[in-house]
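# Observations on chain architecture
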Amino acid sequence: DDWKMTKKMLHTCIRVKDLEKSMEFYTNVLGFKEARRLDFPELKFTLVYLALDGDDYELELTYNYDQEEAYTLGNGYGHIAIGVDDLGATQKEYKASGYEVTDLKSLPDNAANFFFITDPDGYKIEVIQN
């Protein structure tokens, strides 16, 4: 029965070109808090783990010191999703931040109501009504 060990999601890693811009976006706009930071100057990278209040799941920002070009996101990456209590108010707040924000959208039969915001590296974050 050892193979039935408990598992849980820990984090998602995204690579960012400008750590300060990304930190401003994820903390000031989306409301994440820095959980911890690991600097590896000898290996030329920094890892910053972010989480939302009351949530164990983390977003890991990987910053490689010598990355000069924007990362190619590829067509396999979709998005990160976060849930909010007031979708309309959150969308207005995020639009005021100056980042790219889509109109409110919904799936057929109101299966989900959502919009997207794009971070400084072009990653999409889906914001869903709780």
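Here's a quick rundown of the structure. (Residues numbered from 1 in each chain as written. Predicted model: local features only at pLDDT ≥ 70, side-chain atom pairs only at ≥ 80, totals over all residues. Heavy atoms only, no water.)

### Looking at the overall build of the chain
Just so we agree on the cut-off: Working definition: helices are DSSP H or I runs of at least four residues, strands are E runs of at least two. Numbering for both runs from the N terminus. Only protein chains enter the calculation, and the probe is 1.4 Å; a residue is then buried if its accessible area is under 20% of its type maximum, exposed if over 50%, and partly exposed in between. Note on definitions: a residue-residue contact is assigned when non-hydrogen atoms from the two residues lie within 4.5 Å. Only the protein chains shown count as cover for residues, with accessible areas throughout obtained via the Shrake-Rupley method and a probe of 1.4 Å. All tallies of charge rest on Lys and Arg as positive and Asp and Glu as negative; His and the ends of each chain are not included. Taken as the charge centre is NZ of Lys, CZ of Arg, CG of Asp or CD of Glu, depending on the residue.
Of the regular secondary structure elements, the chain holds two helices and eight strands. Mapped in sequence order, the helices and strands of the chain form the string β-α-β-β-β-β-α-β-β-β. Considering only C-alpha atoms, the chain reaches an extent of 50 × 50 × 30 Å along its principal axes. By residue count, 33% of the 130 residues in the chain fall in the buried class. At a minimum sequence separation of 6, the contacts of the chain that also span at least 24 residues come to 50%. Just so you have it, the chain exposes about 8,500 Å², and 49% of that area is on carbon and sulfur atoms. If you average the places of the 14 positive and of the 25 negative side-chain charges in the chain, the two averages end up 2 Å apart.

### So, helix α1 (residues 19–29)
Selection rule: As used in this structure description, the phrase polar contact means that two N or O atoms lie within 3.5 Å; if the pair is within protein, one of them must be able to donate a hydrogen and the other to accept it, and residues adjacent in sequence are counted only when both atoms belong to side chains.
Within α1 the residues assigned to the buried category are Leu19, Ser22, Met23, Phe25, Tyr26 and Val29. The opening residue of α1 is aspartate 18, an N-cap whose side-chain oxygen sits 3.1 Å from the backbone nitrogen of glutamate 20. A positive backbone phi angle near 85 degrees is found at glycine 31, which sits one or two residues after α1.

### Side note on the layout of surface pockets
Let me state the cut-off plainly: Cavity and pocket criteria rest on a 1 Å grid covering protein atoms alone: a 1.4 Å probe that fits but cannot get out defines a cavity, protein on both sides within 12 Å along at least 5 of 7 lines defines an open pocket, and an atom within 4 Å of a point defines a lining residue. Grid points are joined across faces, edges and corners, and a volume is the space filled by probe spheres set on the points.
Of the volumes computed, that of the largest pocket is approximately 160 Å³. Residue lining of the largest pocket: Thr12, Phe32, Ala51, Leu52, Asp55, Tyr57, Glu58, Leu59, Ile80, Ala81 and Ile82, and that is the complete set. Elements that contribute at least two residues to the lining of the largest pocket include exactly β4 (58–64) and β5 (80–84). Of all the elements, β5 adds the most residues to the lining of the largest pocket, at three residues.

### Some thoughts on the sheet that holds strand β3 (residues 45–51)
Put simply, the rule reads: Any two strands are treated as partners once DSSP identifies two or more bridges connecting them. Axes here mean lines fitted to C-alpha atoms, for a helix over just the part in contact, with angles spanning 0 to 180 degrees between N-to-C directions.
What the four strands build is an open sheet, ordered β1-β4-β3-β2; its pairing is mixed. Either end of the sheet is taken by a strand with one partner, and the two such strands are β1 (11–16) and β2 (33–40). If you compare each strand with its neighbour and ignore which way they point, the axes differ by 20 degrees on average. Where β2 lies against β3, seven bridges are found, and the strand directions are antiparallel. Counterpart to phenylalanine 40 in the pairing with β3 is phenylalanine 45.

### Focus on the side chain of glutamate 60
For glutamate 60, the position within the fold is in strand β4. A polar side-chain atom of glutamate 60 sits 2.8 Å from a polar atom in the side chain of threonine 62. The contacts of glutamate 60, once residues within four sequence positions are left out, are His11, Thr12, Cys13, Ile14, Leu47, Val48 and Tyr49.

### A word on the pattern of salt bridges
Any two side chains of opposite charge can pair if their charged atoms end up close together. Defined as follows: Take a side-chain nitrogen of Lys or Arg and a carboxyl oxygen of Asp or Glu: if they are within 4 Å of each other, that pair is a salt bridge.
Going through the model one piece at a time under the given rule, you end up with five salt bridges. Its salt-bridge partner being arginine 36, residue glutamate 58 comes within 2.8 Å of it at the nearest N-O pair. Remark: arginine 36 occurs in strand β2 and glutamate 58 occurs in strand β4; sequence separation between them is 22 residues. Accessibility expressed as a relative area gives 11% for glutamate 58, which makes it buried. The closest approach of N and O atoms between lysine 95 and aspartate 103, which form a salt bridge, is 3.9 Å. Overall, the relative accessible area of 41% leaves lysine 95 in the partly exposed class. On the basis of relative accessible area, aspartate 103 is assigned to the exposed category, the value being 54%.

In short, the description is geometric, and any link to function would need to be established separately.
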